[in-house]
Amino acid sequence: MRILSFLALALYASTGFADWQLNMPQGVTSSSNEIYDLHQLILWICAVIGLLVTAGIGYCLIKFRKSKGAVPAKWDENLFAEVTWTVIPTIILVLMAIPASKTLANLYDTSNSEVDILVTGYQWKWQYEYIDEEVGFFSNMSTPRDQIEGDAEKGEHYLLEVDEPMVVPVGKKIRLLLTAKDVIHSWWIPEFGVKKDAVPGFINESWMVIDEPGVYRGQCTELCGKDHGFMPVVVHAVSEQEYDAWVAGKKEIAAQAALASMKTYSKDELMAEGEAVYMRTCAACHQANGTGIPAAGFPSLIGSPLIEGDVAGHIDIVLNGKPATAMQAFAAQLNDVELAAVVTYERNAWGNDKGDVVQPADVAAMRAEKE
Amino acid sequence: MSSTAVGAEHHDHGPAKGLKRWLYTTNHKDIGTMYLVLSFVMFLYGGAFAMGIRLELFEPGIQYFSPEKYNQMITMHGLIMVFGAVMPAFVGLANWMIPLQIGAPDMALPRMNNWSFWILPFAFSMLSMTTFMDGGAPNFGWTFYAPLSTTYAPPSTTFFIFAVHMMGISSIMGAINVIVTIFNMRAPGMTWMKMPLFVWTWLITAFLLIAAMPVLAGAVTMMLFDIHLGTSFFDAAGGGDPVLFQHIFWFFGHPEVYIMILPAFGVVSAILPAFARKPLFGYTSMVWAVASIALLSFIVWAHHMFLVGMPLVAELFFMYATMLIAIPTGIKVFNWMATLYQGSITFETPMLFALAFLVLFTCGGLSGLMLSIGPADFQYHDTYFVVAHFHYVLVPGAVFAIMAGAYYWLPKWTGHMYDERLGKIHFWLSFISINVTFFPQHFLGLAGMPRRIPDYALMFSDFNMMSSIGGLTYGVSQLLFVYIIIKCVRGGEKASEKPWDGAEGLEWTVPSPAPYHTFSTPPKVD
Ligand SMILES: [Cu+2]
């Protein structure tokens, strides 16, 4: 009976509320609305069937008790009944299959898109590249470690916040092209009704038209290693003007970064920037204090061979990664200033005291060599 | 834990003494007992991982286990429960009951029977050892998707592959044994359509095993090649395809889930009529329903993969095929209901577990139907809704059926009645706590909580805490079952040949406890 009341509750709540959210969100795209309607339909059908079955069993258990003097019947067949409970479910299934097929076909229609975004999953962050705009960036979870470990009060958007969200215009058809660099990830925003696997070496497609401006949050849904639980998806849907302004701003920043890489920096500047980059990009594996998690295959960087060795080897592994290990290539993820800074930082932090200062030009030279 | 006294009485020639009895035995009852004991130990072991998981998820934040440990725990939990607890439990029941139910003196291939059991402790020891290896135990989930399980896997993966091979060999040998026994050793007059449903469901399960396990072996062998021999089956950089892995895995995996539920259908089909004191409704359609579920199970695998980027026609095909399974499953549920109708019902512990199976398996089946609807699955996939679904079919489904079977046949195995009062307490604790554990997970999934995460957003806190309380209660309740069994093995009210007045079948024509050798001369069935 308790289950029944739970079910009843589930049905009551057509939209969720705060902590005890019971049902799927209706969402803000036509896809999510269609899926929601379909979900409601099948939920009701299944709930009614479930209730009928439970009620039927309950009736038998009350009515036909030996303690009440029930005498067992001898029959064990009834063709009519058997045909009935084969035919009726078949009809119900067909009734469910029709709207499901229509919705499915619609979800597959990625034609006529107006904005195309390449979404790439990495262990454990997302990269968004706006194909027509030549804008691209990484999106990392920004929830601080101490909140996760319980040393600080957890924020409102605990685990569902990022340093740089995807920004998209409302009312336009956005096509997502999804892929991954290492393992399989899956990009999901419940409010869009969009979830799709990002498979390394392959490109999947999905699309959405967002009706309402707002901040929408989701998570990676395919187990992708240690920090699978810590790679949120956050999307800001904004008006078209705001979107255009944002794109322009992004291009401006890119131009400045190109200029910045021509400069020479002091060691202190590099160490400060390097620490920021390290915490954002490297600490998930090598840990904030550089000790890594050797038991899980993430080496310590304190006095490690490549750091003890010459700078070139160190820059090389950070630029190009090490194939077939979790140490990925950062050449495309970080610019020359960031790379120079993080290498400088690693060589001079946590008791490493190589004293080396790596400049953006050094990194650029190694990049050029590679090409 | 060879605490059982089964067959201790001396007949023509009894069991050997001491450890040798268990090492060298070819007796189906001894082997059945060993399988059951092993599976229960594995159930507690896999359950310990589940307790760890629920403990970590009790509150948001990382408290007890680091994310990498957490991933190892979910992987071990899944592998141990599937391959160590549920499958061997059914093999144990098969070993004990199939010869008794068809009037055969033993399994057809007794030495192979011994071997297929004794492989398992080594397989699970090897799997467990990975916990202490560099890089830790396998951490890629029981579905071990490539390339997380190949290029990015810990070194212990090689041992995991070896262990899976051993489990597979054991299962295949067990399946061959069941098939050969049923085909060749039925008592005179035991025609196909007179066989108890437990025998039928196991026969069909055995064919599923023979078809599915080699595919699993293929998948892990390809992984082994990718890891050590430089092939690229699942590596796009070398021309392979990570999604190929999923196709192969689920071609095994979907039949596998029916391997874990069909024998449960058989157990329930024995117990419901026994305590309703009325013959099973629609025997013939039950047999056909099981056979068609088994056949369909080979053409629905990609419903686990609706989001990998298949063409539309493929999605439609797998959606329709999956929906079809609801028909034979529905027939079974309705037939069981019709069995209760106009019966004369009593509520002993086996019946309580079987009834709970009927209601809660239906619940799991219906959420399965929802998951089969492709577009809706776009939202449900890889969330707690899926976790809720498959735990409903596996715990109050398969595990409850195993417990029902254990209570039902314990008098036959031990010669004593179990403690009915404790059995009922065990049932109610299990029934309530399992629903408190898994029902809220439906809501968590719909609200957007992904599965396999060690920490979650704050809006999921309340239901997670509830689920953890339920889970920990369920875990502790199972210790009561240990006590009930030990108590029953040790002594208690003597059980008659047929302690359940409504029970049917040849197993109830031999004394309780069943002597070490039964049906040396085949009974006549008419
Ligand atoms: Cu991911």
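Residues numbered from 1 in each chain as written. Chains lettered and ligands numbered in written order. Predicted model: local features only at pLDDT ≥ 70, side-chain atom pairs only at ≥ 80, totals over all residues. Heavy atoms only, no water.

Novice: Can you walk me through the overall build of chain B in this structure?
Specialist: Per the secondary structure count, chain B includes 15 helices and zero strands. Buried positions account for 69% of the 526 residues belonging to chain B. Long-range pairs, those at least 24 residues apart, make up 81% of the contacts in chain B between residues at least 6 apart in sequence. Carbon and sulfur atoms make up 71% of the accessible area of chain B, which totals about 16,200 Å². (Helix = DSSP H or I, 4+ residues; strand = E, 2+ residues; numbered from the N terminus. Buried < 20%, exposed > 50% of the residue type's maximum accessible area, 1.4 Å probe, protein only. Contact = heavy atoms within 4.5 Å. Areas by Shrake-Rupley, 256 points an atom, 1.4 Å probe, with all protein chains shown as cover.)

Novice: Where do I start with the sheet that holds strand β4 (residues 166-169) of chain A in this structure?
Specialist: Across a sheet, strands are paired by hydrogen bonds formed along the backbone, either parallel or antiparallel in direction. All names here are of chain A. Spatially, the three strands line up as an open sheet ordered β4-β10-β9, and their pairing is mixed. Whereas interior strands pair on both sides, the edge strands pair on one side only; in this sheet they are β4 and β9 (214-219). Pairwise comparison of adjacent strand axes, ignoring direction, gives a mean angle of 25° for this sheet. The strands touched by helix α5 (residues 240-260) within the sheet are β4 and β10 (232-238), with β4 carrying the most contacts at an inclination of about 135°. (Pairing = 2+ DSSP bridges. Axes fitted to C-alpha atoms, helices over the stretch in contact; angles between N-to-C directions.)

Novice: Explanation requested: the coordination of the copper ion in the structure shown.
Specialist: Tetrahedral coordination by four donors sets the ideal angle at the metal to 109.5 degrees; octahedral coordination by six donors sets it to 90 or 180 degrees. All names here are of chain A. Coordination of the copper ion by the protein comes from His185 (ND1), Cys220 (SG), Cys224 (SG) and Met231 (SD), over a distance range of 2.1 to 2.5 Å. Bound by four donor atoms, the copper ion shows angles of 91 to 131° at the metal and therefore tetrahedral coordination geometry. Given a relative accessible area of 0%, His185 falls into the buried group. (Donors = N, O, S within 2.8 Å, 3.2 Å for Na, K, Ca; no water. Tetrahedral: all angles 85-135°; square planar, octahedral: opposite > 155°, others 65-115°.)

Novice: Mind showing me how you'd approach the environment of Phe463(B) here?
Specialist: Residue and element names in this part refer to chain B. Tracing the backbone shows Phe463 in helix α15 (residues 461-490). Overall, Phe463 belongs to the buried group, its relative accessible area being 4%. Placed 405 residues apart in sequence, Phe463 and Phe58 show a C-alpha to C-alpha distance of 9.3 Å.

Novice: Looking at this structure, how should I read the environment of Ile179(B)?
Specialist: Residues and elements named next belong to chain B. As for its position among the elements, Ile179 is in helix α5 (residues 157-184). Residue Ile179 is classed as buried on the basis of its relative accessible area, which comes to 11%. Spatially, the C-alpha atom of Ile179 lies 27 Å from that of Ile161, the residues being 18 residues apart in sequence. Apart from residues no more than four positions distant in its own chain, Ile179 is found in contact with Leu203, Ala206, Phe207 and Ile210.

Novice: Honestly, the side chain of Asn435(B) in this entry has me stumped. Any pointers?
Specialist: Residue and element names in this part refer to chain B. Mapped onto the secondary structure, Asn435 falls in helix α14 (residues 420-447). Here Asn435 falls in the buried class, since its relative accessible area comes to 0%. There is a polar contact of 2.7 Å between the side chain of Asn435 and the side chain of Tyr392. (Polar contact = N/O pair within 3.5 Å; in protein donor to acceptor, adjacent residues only side chain to side chain.)

Novice: What should I look at first to understand the pattern of salt bridges in this one?
Specialist: Pairs can form between side chains of opposite charge whenever their charged atoms are close. Applying the stated criterion across every chain yields a total of 15 salt bridges over all chains. Between Asp501(B) and Arg277(B) there is a salt bridge, with its nearest N and O atoms 2.9 Å apart. Pair noted here: Asp501(B) is in the segment after α15 and Arg277(B) is in the loop between α8 (262-276) and α9 (283-296), with a separation of 224 residues, a long-range link. A relative accessible area of 48% means that Asp501(B) is categorised as partly exposed. Its relative accessible area of 13% is what places Arg277(B) among the buried residues. Linked by salt bridges that have partners in common, Asp116(A), Arg175(A) and Glu205(A) make up one network. (Salt bridge = Lys/Arg side-chain N within 4 Å of Asp/Glu carboxyl O.)

Novice: Can you help me understand the packing of helix α13 (residues 384-414) of chain B against α15(B) in this one?
Specialist: Pairs of packed helices are described in terms of their axes, by the angle between the two and the distance that separates them. Residues and elements named next belong to chain B. Two elements in contact, α13 and α15, have axes separated by 10 Å at closest approach and are oriented at 15°. Comparing their axes, α15 and α13 come out roughly parallel. Our pair here, α13 against α15, has a crossing hand that is left-handed. In contact with Val395, Val399, Phe400, Met403, Ala406, Tyr407, Leu410 and Thr414 of α13, α15 contributes Tyr474, Gln478, Phe481, Ile484, Cys488 and Val489. (Parallel < 35°, antiparallel > 145°, perpendicular 65-115°, else oblique. Left-handed = near helix turned anticlockwise from the far one by under 90°.)

Novice: Would you explain the pairing of strand β1 (residues 115-122) of chain A in this entry?
Specialist: For a regular strand, side-chain orientation follows a simple rule: the groups alternate between the two sheet faces. Residue and element names in this part refer to chain A. In terms of burial, β1 is largely enclosed, as seven of its eight residues are buried. Pairing geometry for β1 and strand β5 (residues 173-180), over seven bridges, is parallel. Residue Asp116 lies in a different strand from β5, and its bridge partner there is Arg175. Pairing analysis gives six bridges linking β1 to strand β2 (residues 125-130), with the strands arranged antiparallel. Looking at the pairing, Ile117 lines up with Tyr130 of β2. Counting the residues that bridge the hairpin from β1 to β2 gives two residues.

Novice: Sorry, what's going on with the sheet that holds strand β3 (residues 135-139) of chain A here?
Specialist: All names here are of chain A. Pairing is mixed in the open sheet, where five strands are placed in the order β3-β2-β1-β5-β8. Both edges of this open sheet fall to β3 and β8 (204-209), since each of them pairs with a single strand only. When strand polarity is set aside, the average angle formed by the axes of neighbouring strands in this sheet is 20°.

Novice: Any chance you could explain the environment of Phe49(B) here in plain terms?
Specialist: Residues and elements named next belong to chain B. Along the polypeptide, Phe49 turns up in helix α2 (residues 28-56). Expressed as a C-alpha distance, the spacing of Phe49 and Met81, which sit 32 residues apart in the sequence, is 9.9 Å. In contact with Phe49, not counting residues within four places along its chain, are Met73, Met76 and His77.

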